[in-house]
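Working through the structure, step by step
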Amino acid sequence: MPIKTQQTVVLLIEDDEEDYILLKKVLAKVSHTHYTVIWEQRYEEGLAHMQREDHDLCLVDYQLGANSGIDLLKEARRRGYNLPIIVLTGASGEDIDIQALQSGADDYITKELLQGDLLHRLIRYAIERRKAEQERERLVREQFVRDEQEARRNEFTSMVVHELKTPLSSLKGYSQLLGRRCERAQDEQGMQLAARMDQQVNRLTNLVDDLLDINRIEGGKLQLRESAFAFDELVEEVVTDIQLTTEQQSIAREGLTHTTVWGDRERIGQVLTNLLTNAIKYAPASETILVKLSCDAHTVTTCVQDYGPGIPKELQERVFEPFYQIEGPSHSSPSGLGLGLAIVADLVERHRGRIWVESEEGKGATFCFTLPIAPPPTSQVHPLSSEHPMGNSL
């Protein structure tokens, strides 16, 4: 029985016609796969063509005349381009591969290594990883919109498995690249790639934690371990930890409460962590994230302010819905599951607090929440159960 020939369409953004001809010849030699190469020679035309998504993968030259392929990559991802990207370069700089991966590329190859089998393997792996990620998000979203809560819980284990696949696949890709670099360059730059792998592990852990929390919330099994704790001390710890994760933004603090609060210290820390990481993720161009604290005789108020694209007024209530993510040209391409703010809203409500957002489109967003200072009456101290389903808190 003859082997079926696969059809793959590659968009090449490359300013050198000789490299375009060479690439066509290299891909033409690959057996069992027919490659169609669409060639765009300039930055602007290449970026516009990427939005058509009439191809399976994009190869981007690192240097596009006066422009940078890295800048093209960043802009395409910002606009929501979700197909695989491999960066090509004739340079041998030590940091080009790290720049490419940090900017959203799926892989990287130097032109001197441009051989048919190697390039074919990189293309196939990049496409498979991207398809796996899209399949993962599709499966998770479909499972959580089902009407029967019992069915969702029964399928929770398989959902977690799907959640694990894409990050682990990414780790595999990074480890392969790290191995190639260490073998070729024999330097310590591999440590930076190892750090990237660690970030992927953290991302996977956060996804699984969110899924576990949402499952506990919907099943009425989330319990609070409440005690008295110094609120300012917790805020300082969280701000310090989150600041270590970003070099682009500075997290500033304004105000102190000098107050002891009654609540689950870990869960309230989770609330602040989520608001800060959201501010960093959705306002990447914002140089400063501001954490403002205030209090009165009965409550403490915490506000996290960014200077990003803001949230349209008609969407401000929806941001606390499970799976909801703002999409559009002024917002970066969504990542994750869209569960973070839904969990935050539920945790604040369980602490008898209130959460809201203040924003004008184009002028940033400020997320605020209040917490009562004193513990509730003894009759009200109990683990919250199915009497407080998630839908009631949003």
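Residues numbered from 1 in each chain as written. Predicted model: local features only at pLDDT ≥ 70, side-chain atom pairs only at ≥ 80, totals over all residues. Heavy atoms only, no water.

Quick look at the packing of helix α9 (residues 231-243) against helix α10 (residues 265-282)
- At their nearest, the axes of α9 and α10 sit 10 Å apart, and the two run at 40 degrees to each other. Looking at the two axes, α9 sits oblique to α10. As for the relative orientation of α9 and α10, their crossing is right-handed in sense. Contacts from Phe231, Glu233, Leu234, Val235, Glu237, Val238, Val239 and Ile242 of α9 reach α10 at Arg265, Ile268, Gly269, Leu272, Thr273, Leu276, Thr277 and Ile280.
- Within the contact of α9 with α10, the residues separate by chemical class into 10 nonpolar, 3 polar and 3 charged. (Axes fitted to C-alpha atoms, helices over the stretch in contact; angles between N-to-C directions. Helix = DSSP H or I, 4+ residues; strand = E, 2+ residues; numbered from the N terminus. Parallel < 35°, antiparallel > 145°, perpendicular 65-115°, else oblique. Left-handed = near helix turned anticlockwise from the far one by under 90°. Contact = heavy atoms within 4.5 Å. Nonpolar A, V, L, I, M, F, W, Y, C, P; charged D, E, K, R; others polar.)

Concerning the sheet that holds strand β11 (residues 288-295)
- Taken together, 5 strands build an open sheet; the order of strands is β9-β11-β12-β14-β13 and the sheet is mixed. Looking at the sheet topology across the chains shown, the edges are occupied by β9 (250-254) and β13 (354-359). Ignoring which end each strand starts from, the neighbouring axes of this sheet average 15 degrees apart.
- For β9 and β11, the ladder comprises 5 bridges, and the chain directions are parallel. Its bridge partner lying in β11, Ala252 is registered against Leu290.
- Strand contacts of α10: β9, β11, β12 (299-305) and β14 (365-372), with the helix running at about 20 degrees to β12, the strand carrying the most contacts. (Pairing = 2+ DSSP bridges.)

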